[in-house]
Amino acid sequence: MGDAGTRVPAGRRRPLGYPTWAALVVACGVLLRIRRWSGRRSLNSDELWIAVNLQRRSFAELHGRLDFDQIAPPGWLWLHKLGLAAGRGDALLRLPELIAACAAVALTAVLARRLLPAPLALAAVALAAGTPALIYQASQLKPYSVEAAATVLLLILALRALDDPARRRLLAFWLTGAVAVWFATTALFVTGAMGGLLLLFAAASRRWVLLRDHAIAAAPTAASMLLVYLAMPSPVGWLRDWWSTTYPGSLAPRHLGPRSALTWSRDVFHQFARSALAAEHDRVRWLVLGLMAAGAVALAVRRPRTAALVTAPLAAGYLLALLRLYPMATRVALWLVPVAWILLCAGLDGLLRLAAVALLRARWPSGTWWGRAPRAAGGVAAAVAALLIATHLQRFGHAQHATNAERFARAQPAVEMVAERRLPGDVVLVHGGKSEVAMIGWYGRGAGLRPDSWYSPGQGDACRAGGQPAGMTAASRVWLVRVSWVPKPRTLDAEKRAMARFARLAGEYWYGGVVVALYEKAPGAAPPPGAPCLLDTPARF
């Protein structure tokens, strides 16, 4: 009889369950990421700086402070160094980030269903799948996608160890953390925070055998974390100054009073909501942060230890920013995004539960289908709203992240064009900035292009002292290559003033933000004494 009660009547199909709907949403997120990854964009400046380090350095040298002031987890660097053996293609180099970004969406679906009812779990997955910063990082040679995936995976394993502290589950959490810290810097914080909570819960419950098992399983993880810490640069000096300049307000000021601490806390969470969650408008940011707080409270009321683990990454991120150890803003905070969306949907779930309680107190007939309808409709409406919000985030996010990506989107074709059209006797001069050095160092090697000299615009006494780029005076054709950081009409103003007195502009070519200019001149022609000129400048990196 019990089996007959659960059988679907003949002629009626079983409704689609959460796994099917979640798989569809995850598939949409994966397609968005593949579409971005397959866009044939050249590496941008941040990626080029990493790529050149991978090209120049051996495995033993890929740690600490790298060239171009770059840092990255050692294991992540070694993985990409191995990838170079398979080929130098940009898409191949970014493949681990695509895999990690897709895994982050799939893992979010698992974590969300563990914490939320099906409609709101779908809403959380839709928001994670449509977050523009996560989609953007799926095609970037940076470790932020790996950090997001590692955070969600570690949280799933920590919750499993909390619910059923079998030894295999304890080992799964601690050993995953031991490996993750080599590939994601933030895994140090996540493993430490969640592992510390698991140890605290065992001690508070006086489960000494469980505490011993945790301690034994944590030993190799602690050793691994120590080795990674020793291999990474300390967050002081140049690194902290760079963070403070690049992400203003993401680190706490040096001197904080009670009032200024509250003001900074409000500002840092607003900055996180705007830059990482793409909440553009002030009211939207307040709504997002309010729902996240409500979600933390709702989880704490029902499952306080679960709530502590779920909120641990955000608490760790805030504490690190407060101690001026790690910023909580833009791409550096993307490891917190899936957890933030789950907390937001948990807040919606809490509000819907409160509404259901209010209906019960009003003697609403909750036992009938129309009594269950309000909460079900609310959950479905939340899922639909999440899809609409994700679509909005896509529009805002593409504008937010377009600048640097589009500036270098066609860097490779620009270098290849100069290599193909260069004639014997031509001189190729490249601006000596670190972006140009990295661009030529990576793409010039494949195209067979080596600049004759690096230059910088000069005037006055510097030009009177000479020091023009080698071979420019004797050449009849001069190529200039520079990355544009200002609007197009102003990019080559200094170069045009220097070349106009003795050469003719034969062509100007724009490849995204990379500008190439070809000048023709009489052999032996040079700028008049004291006139603006181009100076032979050593490459800065």
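Everything below is about the structure shown above.
Note that the coordinates shown come from a computational prediction; the quantities given were computed from them, not determined experimentally.

Enquirer: Please give an account of the overall build of the protein chain that cites residues and values.
Expert: When helices and strands are counted, the protein chain shows 22 helices and 6 strands. A burial count over the protein chain gives 50% of its 541 residues as buried. A sequence separation of at least 24 residues applies to 76% of the contacts in the protein chain between residues at least 6 apart. Of the roughly 24700 Å² of accessible surface on the protein chain, a fraction of 63% belongs to carbon and sulfur atoms.

Enquirer: Describe the packing of aromatic side chains, with residues and values.
Expert: Evaluated as defined, the whole model comprises 7 aromatic pairs. With centroids separated by 5.9 Å and ring planes inclined at 25°, the aromatic side chains of W78 and W182 adopt a geometry described as stacked. Separated by 104 residues along the polypeptide, W78 in helix 4 (residues 74–84) and W182 in the loop between helix 10 (167–180) and helix 11 (187–204) bring together distant segments of the chain. Overall, the relative accessible area of 32% leaves W78 in the partly exposed class. With a centroid separation of 5.6 Å and an interplanar angle of 35°, the aromatic rings of W264 and Y318 are classed as tilted.

Enquirer: Quick one: what's the story with the nonpolar core, residue by residue and with numbers?
Expert: In this structure, L116, F272, L277, M292, L309, M439 and W442 are the most contacted members of the largest nonpolar core, which totals 143 residues. At 14 residues, the largest contribution of residues to this core is made by helix 9 (residues 144–163). Setting aside residues no more than four positions away along its own chain, F272 makes contact with L277, M292, L314, M328, A333, L336 and A340. Core analysis: the second largest hydrophobic core is formed by 16 residues, A498, M499, A517 and Y519 among them.

Enquirer: Describe the pairing of strand 3 (residues 477–483), listing the residues and the values that go with them.
Expert: Burial of strand 3 is extensive: 7 of the 7 residues sit out of reach of the surface. Burial of the side chains of strand 3 extends over both faces: R477, W479, V481 and V483 are buried on one face and V478, L480 and R482 on the other. The sheet contact formed by strand 1 (residues 427–431) and strand 3 spans 4 bridges and is parallel. Its bridge partner lying in strand 3, V430 is registered against V481. Taken together, the 7 bridges between strand 3 and strand 5 (residues 514–520) define a ladder with antiparallel strand orientation. Within strand 5, the position partnered with V478 by the bridge is Y519.

Enquirer: Which residues make up the environment of I156, and what are the values?
Expert: Tracing the sequence through the fold places I156 in helix 9. Between the C-alpha atom of I156 and that of L111, which follows or precedes it by 45 residues, the distance is 6.0 Å. Apart from the residues lying within four places of it in its own chain, the contact partners of I156 are L107, V110 and L111.

Enquirer: So what's going on with the sheet that holds strand 1? Which residues, and what values?
Expert: Strands sit in the order 4-5-3-1-2-6 across an open sheet of 6 strands; the sheet is mixed. The sheet terminates laterally at strand 4 (504–511) and strand 6 (533–536), the two strands that pair on one side only. On average, each strand axis in the sheet is inclined to that of its neighbour by 30°, with strand direction left out of account. For strand 2 (residues 453–458) and strand 6, the ladder comprises 4 bridges, and the chain directions are antiparallel. Directly across from G458, in strand 6, lies its bridge partner C533.

Enquirer: Explain the pattern of salt bridges to me, and be specific about the residues and the numbers.
Expert: Evaluated as defined, the whole model comprises 18 salt bridges. Residue R114 pairs with D163 through a salt bridge whose shortest N-O separation is 2.8 Å. With R114 in helix 6 (residues 95–115) and D163 in helix 9, the pair connects residues that are 49 residues apart, well separated along the chain. R114 gets classed as partly exposed once you look at its relative accessible area, which sits at 31%. Note that E508 and K496 form a salt bridge whose closest N and O atoms lie 3.1 Å from each other. You can see E508 sitting in strand 4 and its partner K496 sitting in helix 22 (residues 493–499), a full 12 residues away along the chain. A residue is classified by how much of its surface remains accessible, and E508, at 29% relative accessible area, is partly exposed. The exposure class of K496 is partly exposed, given its relative accessible area of 28%. Among the charged side chains, a network of salt bridges with common partners joins R56, R57 and D67.

What counts as what
Residues numbered from 1 in each chain as written. Predicted model: local features only at pLDDT ≥ 70, side-chain atom pairs only at ≥ 80, totals over all residues. Heavy atoms only, no water. Helix = DSSP H or I, 4+ residues; strand = E, 2+ residues; numbered from the N terminus. Buried < 20%, exposed > 50% of the residue type's maximum accessible area, 1.4 Å probe, protein only. Contact = heavy atoms within 4.5 Å. Areas by Shrake-Rupley, 256 points an atom, 1.4 Å probe, with all protein chains shown as cover. Phe/Tyr/Trp six-rings, centres within 6.5 Å; stacked < 30°, edge-to-face > 60°. Core = buried A, V, L, I, M, F, W, Y, C linked by side-chain atoms within 4.5 Å. Pairing = 2+ DSSP bridges. Axes fitted to C-alpha atoms, helices over the stretch in contact; angles between N-to-C directions. Salt bridge = Lys/Arg side-chain N within 4 Å of Asp/Glu carboxyl O.

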